[in-house]
Structures are given as structure tokens and as C-alpha cells.
Amino acid sequence: MRILVTGGAGFIGSHSGEKLISEGHDVTIIDDLSSGKKENIPERANFIEGDITEFDFENFLKKEKFDRIIHFAAQIDVRKSVADPLFDLRINVEGLIRLLQSASKNGVGKIVFISSAGVMYGDTDKPADESVAPVPVSPYGVSKLAGEHYLTAYKNNFGLDFTILRFTNVYGPRQDPHGEAGVVAIFAQQMISKKQSALYGHGKLQRDYVFVKDVVKAVVKSLDSGSGEKYNISTSVATSVFELYELMKKHFEDLPDPLFLDTRPGELKRSVASFEKARKELSWSPETSLEDGIAETISFFKGKRR
Ligand SMILES: NC(=O)c1ccc[n+]([C@@H]2O[C@H](COP(=O)([O-])OP(=O)(O)OC[C@H]3O[C@@H](n4cnc5c(N)ncnc54)[C@H](O)[C@@H]3O)[C@@H](O)[C@H]2O)c1
């Protein structure tokens, strides 16, 4: 298939591009390199440096005739969305609408939209499934939910097919340790340079960590399955920040003790999502244990440092 991957120079988008190419697809990436990196772009991908809020999708999609679009490009920083909601809106909503508007007129078979489980479900005492009513509290969450609704609107009005994948906390090689997301990447970098790590919520906050190489398998499954549906892509397992820290610590020696700090404003206590629907309908399940995924991620970051 001919596939356009937006945000394909980023963390998850680049792993997805790589996987799609390895499965024989013809992949084109568009990315403005605002957080993505040239070095992440898979060798055999066509690359266009462009901003989805300005790019001429109209002529491009008419000419290129893509079978699928996987939409990763986004402003992903929750705090930034609170500080500058219009910036978030422009990239996450306007950018998507520009893409949908052109895709719906130019024979694109389906758009796979990358959404977020954490921002939809809020605090969860048991793994949330897709029937839980979304309660986004940040502009980032609102923009992701708006994106999901726009997909329904474009399917209803123009027949443009879609699948929504709601990821929980994705971790793995190439994740940017400098952003707000990505505690695994942040800890890895701190541990490599023997810096003290801060454990917010006194290490008790729980998250559902899913390995990037499992996530990209769900992206591949969604190319031909899950028409008009949304799926959590998760592990259903809650891991506390302290447990994560201890697991990662085993790969290092002589680390300073971590700092235990209060929960920061807006942080969820427990965020876990059920992947039961993806298991049943996409035949997808996470395959990588947290231990193995962490080991691979740490060896990536250690290698980078050398
Ligand atoms: N990382 C996670 O845990 C997680 C969880 C849930 C959902 N997601 C979603 O997955 C997607 C990918 O996230 P990621 O973690 O790989 O982040 P990332 O920042 O590595 O990837 C985003 C990519 O989009 C590009 N981009 C940003 N604005 C753009 C614009 N205006 N035009 C073109 N390209 C632009 C960036 O340069 C970057 O390469 C995002 O949509 C994010 O919301 C991520």
C-alpha cells in the first residue's frame, strides 16, 4: 500500500514507518521536525519536510494517491496545551481538518488517527474500556477528543473511513527525554548521567506502560481492520513510578537516591486502559514484558551516550 505517515520523524511515527516499510509498504513521511529528528526517519521512506498547518495537501494527495494515512503529527505536551491552547488547537485540530478535507476528496481509503487513552479516561480504578465517557481536562485532551469526533463527521459526510488508536504511556528507544511525556526516557537519561531522579506523587502514581514495538503492530493491524472504531492500545497493567524506577535501577550502579515529591497539579493518580476490544477485534495483544522493554530501551540510551 501507499501510506502517508504524518509525524514520522518522531518517536512512535518513526518506529511505525520502519515497520510498515519492512512489511513491503511504500511509505512517505511528512514532518516539520519540530520535535522529530532527521536521524529517526527510516532509510527507505520518502521524506517531506512540511508543517501540517500550512502544507498543500490538496495538490499533494491528488497527485500521490495514498491508500492510507497514519496521523501521528501533533503537539503532545499537556502543559504547553494549558499555557497556549490556541497553538495546540492549530496543530491538533486545524492540522487534522486540513488533512481530512483533502483526504476525503482524493480517494484515501482510510485514516488511522493516533489518540490518547490517558487524557480520555482520567483517573481509573479499573482498566477503562472504550465505552467509558471521555473526560478530557486539558486542552490537549480536548483537541484529541475533537479529532476523534471530526473523524466521525468526515466518515458520515464523505465516507472517509477511519480507525482510532488510543495509546496509553508508550515507551521505547528514540523517545525524547526532554519533553513532558516519557518518564522512562527521562529516568534512563538521568540514570546514565548519575543524576538524581524526581518521583512525583511520592512514586505512587500508576501508569499503563506499553512498548513501542507492540504499539506499531497495532498500527499495522489497523490498516485493514477496525473500520469506524476506536481501540485502546495498552497493557491493562498498572505500574507505579516507584516500581518502574526500581526496575530501571537494576541496570545501573551507584545511583543517588531518588527525590520523593508531591503530585504536580493535574497529574492523574492511576491511569490504566483495557485492551480487550483490540484483542477481540484486531487480534492485537501486547507481547513485550516491561522488564524486556525496559532493558531494550536502556541499552538504546546507553548506546547513544557512547
Ligand atoms: N508517547 C506517548 O506515550 C503517546 C501516548 C498517547 C498518544 N500519543 C500520540 O502519538 C503521536 C506521536 O507521539 P510521539 O510520542 O511519537 O511524539 P513525537 O513528538 O516524537 O512525535 C510527533 C511528531 O510530529 C511532528 N510534528 C509536530 N507538529 C507538526 C506539524 N505542525 N507539522 C508536521 N509535523 C509535526 C514532530 O516533529 C514529531 O516528529 C502523537 O499524536 C501523540 O499525541 C503518544
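The structure displayed is predicted, hence computed values, not measured ones.

## So, the layout of surface pockets
In this model, the second largest pocket occupies a volume close to 240 Å³. Lining the second largest pocket are 14 residues, and of these Pro177, His178, Gln189, Phe301 and Lys304 lie nearest its centre. Looking at the lining of the second largest pocket, the elements that each hand over two or more residues are helix H7 (183-192) and helix H11 (290-305). Looking at the lining of the second largest pocket residue by residue, the class counts come to 4 nonpolar, 4 polar and 6 charged. Domain assignment of the residues forming the lining of the second largest pocket places at least three in each of domain 1 (2-169 + 210-233) and domain 2 (172-208 + 237-271 + 288-305).

## Points about the packing of aromatic side chains
Applying the stated criterion across every chain, the model contains 9 aromatic pairs. Taken together, a centroid distance of 5.3 Å and an interplanar angle of 35° make the contact between tyrosine 154 and phenylalanine 158 tilted. Here phenylalanine 158 and tyrosine 154 lie together in helix H6 (residues 139-158), a separation of 4 residues that amounts to about one turn. Judged by its relative accessible area of 8%, tyrosine 154 is buried. Ring geometry for phenylalanine 242 against phenylalanine 260: centres 6.0 Å apart, planes inclined by 45°, an arrangement best described as tilted.

## Here we look at the sheet that holds strand E11 (residues 229-233)
The strand order across the open sheet built from 7 strands is E3-E2-E1-E4-E5-E6-E11, with neighbouring strands paired in parallel fashion. Taken across any chain shown, the strands that pair with only one partner, and hence form the sheet edges, are strand E3 (46-49) and E11. Taken over all neighbouring pairs, the strand axes of this sheet differ in orientation by 20° on average, direction set aside. In the sheet, strand E4 (residues 68-71) pairs with strand E5 (residues 110-116) via 4 bridges, with the strands oriented parallel. The residue of E5 that forms the bridge with isoleucine 70 is valine 112. Contacts from helix H2 (residues 57-64) reach strand E1 (2-6), strand E2 (26-31), E3 and E4 within the one sheet, and its direction differs from that of E1 by about 155°. Lying on the sheet, H6 is in contact with E5, strand E6 (161-167) and E11; it crosses E5 at an angle near 160°.

## Quick notes on the site of the ligand
The local shell around the ligand holds 28 residues, among which Phe11, Asp31, Ser35, Phe72 and Tyr140 are the closest. In this structure, aspartate 51 approaches the ligand through a side-chain N or O atom, which is 2.9 Å from a nitrogen atom. In this structure, a nitrogen atom belonging to the ligand sits 3.0 Å away from a main-chain N or O atom of isoleucine 52. Of the residues forming the shell around the ligand, the biggest block, 3 residues, is contributed by E5. Across the shell around the ligand, the residue classes tally to 14 nonpolar, 10 polar and 4 charged.

Thresholds applied
- Each chain has its residues counted from 1, running along the sequence as written.
- Thresholds applied to this predicted model are a pLDDT of at least 70 for local features of residues and 80 or more for the giving and counting of side-chain atom pairs; totals over whole chains, interfaces and linings are not thresholded and use all residues.
- For the side-chain quantities, the full set of heavy atoms in the structure was used; hydrogens and water were omitted.
- Grid points spaced at 1 Å and placed over the protein atoms alone form the basis of the search, with a cavity being a set where a 1.4 Å probe fits but cannot get out and a pocket an open set showing protein on both sides within 12 Å along at least five of seven lines. Lining residues have an atom within 4 Å of a point.
- Grid points are joined across faces, edges and corners, and a volume is the space filled by probe spheres set on the points.
- In this description a helix means any DSSP run of H or I spanning at least four residues, a strand means any run of E spanning at least two, and both kinds are numbered starting from the N terminus.
- Residues were grouped as follows: Ala, Val, Leu, Ile, Met, Phe, Trp, Tyr, Cys and Pro as nonpolar; Asp, Glu, Lys and Arg as charged; and all remaining residues, including Gly, as polar.
- In this entry, domain limits derive from an automatic or database-based domain assignment.
- Only centres within 6.5 Å qualify two rings of Phe, Tyr or Trp (six-membered ring in Trp) as a pair; their planes then separate them into stacked at under 30 degrees, edge-to-face at over 60, and tilted for everything else.
- The buried label applies to any residue whose accessible area, calculated with a 1.4 Å probe on protein chains only, is under 20% of its type's maximum; exposed applies above 50%, and partly exposed to all values in between.
- A pair of strands is considered paired only if DSSP assigns at least 2 bridges between the two.
- Only the stretch in contact is used when a helix axis is fitted, and all axes are lines through C-alpha atoms; the angle between N-to-C directions ranges over 0 to 180 degrees.
- Between two residues, a contact is recorded if the distance between any of their heavy atoms is within 4.5 Å.
- Any residue with a non-hydrogen atom lying within 4 Å of a molecule or strand is treated as near it.
- We define a polar contact as two N or O atoms separated by no more than 3.5 Å, with the added condition that, inside protein, one atom must be a possible hydrogen donor and the other a possible acceptor, whereas residues neighbouring each other in sequence contribute only through side-chain atom pairs.

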